[in-house]
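Each chain, letter by letter, is given below.
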Amino acid sequence: MPSLLIRNIGTLVQAETAPRPFVAGAAMQELPVLENAYLLAEAGRIAAFGPMAQCPERADEVVDAAGRMLFPSWCDSHTHLVFAASREAEFVDRIKGLSYEEIARRGGGILNSARRLRETPQEELLQSAYGRLLEIQGFGSGAVEIKSGYGLDVESELKMLRVIRKLQSLTDMPVRATFLGAHALPPEYRDNREGYIRLIIDEMLPRIAAEGLADYIDAFCEKGFFTVGETARLIEAGARYGLKAKVHTNQFNCLGGIQACVERGALSVDHLEVVNDEEVEVLKRGNTMPTLLPSAPFFIGGHYQPARRLIDAGLPVALATDYNPGTTPSGRMQFVLSLACIKCRMTPEEAINAATLNGARAMELENTHGSVAIGKAASFFLTRPIPSVAYLPYAFGADLVEQAFINGKRVADKR
Ligand code: NIG
Ligand code: FE
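Residues numbered from 1 in each chain as written. Chains lettered and ligands numbered in written order. Predicted model: local features only at pLDDT ≥ 70, side-chain atom pairs only at ≥ 80, totals over all residues. Heavy atoms only, no water.

K.L.:
Just to check I follow, could you spell out the layout of surface pockets for this structure?
P.N.:
Any empty space left between the atoms is revealed when a probe the size of a water molecule rolls over them. Roughly 400 Å³ of internal volume is contained in the largest pocket. Forming the walls of the largest pocket are 18 residues, and the residues nearest its centre are Ala 104, Arg 105, Leu 111, Leu 185 and Gly 224. At the level of secondary structure, the elements contributing two or more residues to the lining of the largest pocket comprise α2 (100-105) and α3 (110-118). Taken together, the residues of the lining of the largest pocket break down into 8 nonpolar, 3 polar and 7 charged. (1 Å grid on protein atoms, 1.4 Å probe; cavity = no way out; pocket = protein on both sides within 12 Å on 5 of 7 lines; lining within 4 Å. Points joined across faces, edges and corners; volume = space filled by probe spheres on them. Helix = DSSP H or I, 4+ residues; strand = E, 2+ residues; numbered from the N terminus. Nonpolar A, V, L, I, M, F, W, Y, C, P; charged D, E, K, R; others polar.)

K.L.:
Please clarify how the site of ligand 1 should be interpreted in this entry.
P.N.:
The environment of ligand 1 is formed by 15 residues, the closest being Arg 87, Tyr 100, Tyr 150, Gln 251 and Thr 327. Contacts to ligand 1 include His 183, whose side-chain N or O atom sits 2.8 Å from a nitrogen atom. One of the side-chain N or O atoms of Asp 322 is found 2.8 Å from an oxygen atom in ligand 1. Coverage of ligand 1 by the protein chains reaches 100% of its 330 Å² of free accessible surface. When each cavity is represented as a set of grid points, ligand 1 is found to reside in the largest cavity. Residue classes in the shell around ligand 1 are distributed as 4 nonpolar, 9 polar and 2 charged. (Near = heavy atom within 4 Å. Polar contact = N/O pair within 3.5 Å; in protein donor to acceptor, adjacent residues only side chain to side chain. Areas by Shrake-Rupley, 256 points an atom, 1.4 Å probe, with all protein chains shown as cover. Sits in = over half its atoms within 2 Å of the grid points.)

K.L.:
Hey, could you run me through the pattern of salt bridges in this one?
P.N.:
Here the idea is simple: oppositely charged side chains can pair when their charged atoms come close. Tallying each qualifying case throughout the model produces 30 salt bridges. The salt bridge partner of Lys 147 is Glu 145, with a shortest N-O separation of 2.7 Å. The two residues Lys 147 and Glu 145 agree in class, both being buried. Among the ionic pairs, Lys 414 bridges to Asp 399, the shortest N-O distance being 2.5 Å. Here Lys 414, found in the segment after β16 (409-413), pairs with Asp 399, found in the loop between α15 (391-394) and β15 (401-406); they are 15 residues apart in sequence, far enough to count as distant. Because the salt bridges share partners, they merge into one network encompassing Glu 61, Arg 410, Asp 413 and Arg 415. (Salt bridge = Lys/Arg side-chain N within 4 Å of Asp/Glu carboxyl O. Buried < 20%, exposed > 50% of the residue type's maximum accessible area, 1.4 Å probe, protein only.)

K.L.:
I keep staring at a nonpolar patch on the surface and nothing clicks. Help me out?
P.N.:
The grouping of Phe 91, Val 92 and Ile 95 at the surface amounts to a nonpolar patch, some 270 Å² of accessible area in total. Note that Ile 95 resides in helix α1 (residues 88-95). (Patch = residues over 30% accessible without salt bridge, like charges linked within 9 Å, V, L, I, M, F, W, Y side chains within 5 Å.)

K.L.:
Teacher, can you tell me more about the sheet that holds strand β7 (residues 141-147) here?
P.N.:
Pairing between sheet strands relies on hydrogen bonds along the backbone, with the strands arranged either parallel or antiparallel. Pairing in this open sheet of 8 strands is parallel, and the strands run β6-β7-β8-β9-β10-β11-β12-β13 from one edge to the other. What marks the edges here is a single partner per strand, and that holds for β6 (74-76) and β13 (318-319). Across 3 bridges, the pairing between β6 and β7 is parallel. Across the sheet, residue Cys 75 finds its bridge partner in β7, namely Ala 143. Sheet contacts for helix α5 (residues 154-170): β7 and β8 (175-182); angle to β8, the most-contacted strand, approximately 175°. (Pairing = 2+ DSSP bridges. Contact = heavy atoms within 4.5 Å. Axes fitted to C-alpha atoms, helices over the stretch in contact; angles between N-to-C directions.)

What follows is the structure in C-alpha cells.
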C-alpha cells in the first residue's frame, strides 16, 4: 500500500505521544495539538508525525496542507443508518403539535419504519445505507456503530444485521453492529410483551450469534417501550453470547435504566437527556461511557443533555449523531459538536475529545482510532482554512471538512 505524507499541517489536533484510552472530567478540556506539523501514513496506519523541521523528504503521495488543520476522524458510536424510508410526515405532525411519544402511540415512529423496512429487499436497504455511509465519510467520520431495530421480527432483524455486516465488507472504516430487537413492541405482540422478549432471547439472539451478526446488544429503556427489568434481562441474555450492551436510556424519563446498565457492565448508556443526581453517582462508580446525542432533542424538542454536570462530576462523555429517520435525519458530526457547545455548554476541546477518543472507546476502538498516534489507523480529515479549533463548532451548519482519509486512502475531496 503506498505511503502518504501530509506536509505543512497548520495544527495537528489530538496528537498523542502517550495514547490515553479515554478522557474524563477536567482532562476533557485538554486537547493535545502540534503546530506546523507533518504526518506520514504507511500501510494504512500512522507511521510518524512531528514538527515540519523533521518532515521526511518523500512518500508515494504528498499532500501540501498549506496550513490547514488535521483532525482524527470522528468516531460516531450511535447510529441507525440502515432504514427504508424517511419520516418527514411525522416531522410536520410535530410542528402541528404532536409529541414524539404521541406519534409512537398512534403506530407511527419506530413502527412506521418497521413496516417500511420489512417490505424492502435487503439489496435495496444495502444500497441506501451504503450511500449514507459514503455521506458520513465525507462529513469526516471514520468509524461508526449501526443498530438494527427496524425489523422487529426474526427475519427482518437478521436482514438488517446482514446489511450492516455487508457494509463492513464495502468500507475500510470499522462498522460495529448492534442488535436492537427491543426497539419497540411490534404490533403482532401488542398484547404479549413476554412473547416478544422470549422471541428476542430464544430465537433472535441464537441465530444472530450463530451467524456472528452483532457485536453489541441494545434496548430502548423508556416508558411505552421496554422496562428496566426487561432491559436487564436482555443485557444478561446478550452477555451469554458475548455481546456487551449499549443501551438507549434516559431519553424522556429517569426510570433506573442507567443503574441497570452500569451494574451489568454496559459499554455505554446513550441519550441521557434526563439524568438525576443518584445516576451521576452510579456512573462515577462504573466504567460505562455516557454517550450524548444532542441532535435528538434539537430535532424532536425536549431537554438537552446535562453535559456540564457529568463532566464536572469527573465523568467522560462521548458524542454521537444518532443518525436515524425519526429523531435525527442527519449524520453530520460537526453539527453535533456545535449543539454540544451551544446547547450543552461543552467547550470546543471537550466536544472534540467526546467525538473522537471517547467515541472510539464507546465502540472499543480506542486502541486503533480516536486520535493521531503512532500505529493507529491513518483516518483523519483536513479542514478548509479555519482560524482556530473553536471555529469548527462555532461555524454551525458549515461543512468544514475539505478532504477525508480512511486508512491512508482519500475517501472525500471537496477542493
Ligand atoms: O435513538 N429513541 C429511540 N430510538 C431512536 C429513534 C428511533 C426512531 O424514531 O426511529 C433514537 O432516537
Ligand atoms: Fe438511537
